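Now for the letters of each chain:
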Amino acid sequence: MLKLVFTGVWICAVSLGSVYFSIQHASAPVESSAEAERRALQEYVQGELITVPVITDGAVQGYFLTKLSFSVDKAKAKMLEVPLKESVTNALYDILVGQKLINVADTSNFDLATFKTKVKDGLNKQLRDEVIFDVLIEQLEYLSKADVARIANSANEKQRKPVPIVDKNGETAHDQMPESEKRAAAAGH
């Protein structure tokens, strides 16, 4: 019995010591001057929920529901002729519908990181400048045409949730804007 008590005390002492040691020697991540300069230039723009039709064989097969937010260059965003949200929404339709980045029938080759990069590059190309630093995908889901019809035609039926799109690594979109930026965006609108 006495060995059990000493073992418990020993485990507690080692655990507390290791936690104390790690807290004492932990340091804040070192931020390079280039990264600090970039953070000073950027702001987060909360995107809007948009619905993009999936057209196959000349007919609508379903809809992508997507909400993207962006880390943008403040100065360049203010110099755009068309407001950023409207420019981005227009460009997203061109990118998602025109390039067919997601094959709903076979998502085994879909890669979320590649999707973000292609959207960022496509948006910057359409904006004719490096305005967007990063793309945050808050929501990326799919509703089939049959699901939409079922929802529209039956008020009594339990509403189904859209199906999240899973990439080849098993990841789904779940990016979030930093909390301080969400509050700033909400206060501005």
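Owing to the predicted nature of the structure, the values given are computational and were not obtained by experimental measurement.

**Some words on the environment of D147**
By the secondary structure assignment, D147 is in helix α6 (residues 145–153). Of the residues examined, D147 reaches a relative accessible area of 13% and is grouped as buried.

**Some words on the packing of helix α4 (residues 84–98) against helix α5 (residues 112–127)**
At a minimum axis distance of 9 Å, the contact between α4 and α5 shows a crossing angle of 120 degrees. With respect to α5, the element α4 is oriented oblique. In this structure, the crossing between α4 and α5 has a hand that is right-handed. Note on element contacts: α5 touches α4 through F115, V119, G122, L123, Q126 and L127, opposite L84, S87, V88, A91, L92, D94, I95 and L96.

**Side note on α4**
If you check α4, its first and last C-alpha atoms are 20 Å apart, about what 15 residues at 1.5 Å a residue would give, namely 21 Å. When α4 is considered as a whole, its buried residues turn out to be L84, S87, V88, A91, L92, I95 and L96. Buried residues of α4, viewed axially, fall in a sector of 145 degrees; they line one side. Residues of α4 that are buried make contact with β1 (42–45), β2 (49–56), β3 (59–73), α3 (74–78), α5 and β4 (132–144).

**So, the nonpolar core**
Counting 29 residues, the largest nonpolar core has F70 and I132 as its most contacted members. Listed by contribution, the elements that provide at least two residues to this core are β2, β3, α4, α5 and β4. Ignoring sequence-local partners within four residues, the contact set of F70 consists of E43, Y44, V45, V88, L92, L123, I132, D134 and V135.

**Structural notes on a nonpolar patch on the surface**
A cluster of nonpolar side chains, W10, I11 and V14, forms an exposed patch at the surface whose accessible area comes to about 340 Å². Here I11 shows up in helix α1 (residues 2–25).

Here is what the cut-offs are and how they apply
Residues numbered from 1 in each chain as written. Predicted model: local features only at pLDDT ≥ 70, side-chain atom pairs only at ≥ 80, totals over all residues. Heavy atoms only, no water. Helix = DSSP H or I, 4+ residues; strand = E, 2+ residues; numbered from the N terminus. Buried < 20%, exposed > 50% of the residue type's maximum accessible area, 1.4 Å probe, protein only. Axes fitted to C-alpha atoms, helices over the stretch in contact; angles between N-to-C directions. Parallel < 35°, antiparallel > 145°, perpendicular 65-115°, else oblique. Left-handed = near helix turned anticlockwise from the far one by under 90°. Contact = heavy atoms within 4.5 Å. Expected span 1.5 Å × (residues − 1). Arc of directions from axis to C-beta. Core = buried A, V, L, I, M, F, W, Y, C linked by side-chain atoms within 4.5 Å. Patch = residues over 30% accessible without salt bridge, like charges linked within 9 Å, V, L, I, M, F, W, Y side chains within 5 Å. Areas by Shrake-Rupley, 256 points an atom, 1.4 Å probe, with all protein chains shown as cover. Salt bridge = Lys/Arg side-chain N within 4 Å of Asp/Glu carboxyl O.

Honestly, that's just the spatial picture; any functional story needs more than this.
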